Amino acid sequence: MADLDRDANPLMMLLAGGAGLMLGLLANPARKLAVQAPTMLKGEWDEALAAEHKATLAVFDLLEKTSSDDTARRSFHLMQIKHIIGKHAFQEENVVYATMRQRGLLEQAQHLNEDHGVVKQLLFDLTMMPKDDARWLETARTLRGNLETHMAEEENDHFPKLRAALSAQENAELAKAMNKEGLKLA
Ligand SMILES: [Fe+2]
Ligand SMILES: [Fe+2]
């Protein structure tokens, strides 16, 4: 009987561990859905991306309020910016720019993609640089400037052109495909 108990306990522990793992996997999609919800609820893909642009710049506003002593705050906001931009770029590169290429907008898609490369470089520079470095906020401002130019081009030129080139159904399909990609990194 004692032997049975000894055998049963590790089994129960294994089952409990498995249940914990299952719960973890279930919690993850729920959290991802919550992160992607603001984008999904917008409905229109271009409006959703413009809202993400705004959300990104709002975090830069918070960065601007930090002094070189606030290294923890700078690290936290940088992490937020990297998460928002990472998900945003994944949606654009994998779906929006890919659709632009399908429609013959090759040079435009290439140009936007190169902008993303520069943004990733500046994010890396900010990650590696000590957060109390005198050049840190200057570099963050350079990044913000680059982003604002890129965002304005997307919102005022590239996105309206792509929207106009697609049927209502194609625009709806684009939004669906974009949200699917966004969920992966949400
Ligand atoms: Fe972009
Ligand atoms: Fe964008």
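Placed above this text is the structure.
A brief look at the structure comes next. Model, not experiment: these values are computed from the prediction. (Residues numbered from 1 in each chain as written. Chains lettered and ligands numbered in written order. Predicted model: local features only at pLDDT ≥ 70, side-chain atom pairs only at ≥ 80, totals over all residues. Heavy atoms only, no water.)

This paragraph deals with the coordination of the iron ion (ligand 1). Looking at the metal site, the iron ion (ligand 1) is ligated by Glu92 (OE), Tyr97 (OH), His116 (NE2), His150 (NE2) and Glu154 (OE), spaced 2.0 to 2.3 Å from it. Going along the chain, you hit the donors of the iron ion (ligand 1) in the pattern E-x4-Y-x18-H-x33-H-x3-E. The distance between the iron ion (ligand 1) and the iron ion (ligand 2) comes to 3.2 Å, and glutamate 92 binds to both of them. You can see glutamate 92 sitting in helix 3 (residues 71-102) and its partner histidine 116 sitting in helix 4 (residues 106-128), a full 24 residues away along the chain. (Donors = N, O, S within 2.8 Å, 3.2 Å for Na, K, Ca; no water. Helix = DSSP H or I, 4+ residues; strand = E, 2+ residues; numbered from the N terminus.)

A separate point is the coordination of the iron ion (ligand 2). Donor atoms from the polypeptide that coordinate the iron ion (ligand 2) comprise His53 (NE2), His88 (NE2), Glu92 (OE) and Glu154 (OE), at 2.0 to 2.1 Å from the metal. Of note is the iron ion (ligand 2), whose 4 donor atoms meet at the metal with angles of 83 to 172 degrees in an arrangement that counts as irregular. Motif for the iron ion (ligand 2), donor spacing along one chain: H-x34-H-x3-E-x61-E. (Tetrahedral: all angles 85-135°; square planar, octahedral: opposite > 155°, others 65-115°.)

If you trace the backbone, aspartate 115 turns up in helix 4. Along the chain, aspartate 115 and threonine 149 lie 34 residues apart, while their C-alpha atoms are 9.6 Å from each other. If we skip the residues at most four places from it in the chain, aspartate 115 touches His150 and Glu153. (Contact = heavy atoms within 4.5 Å.)

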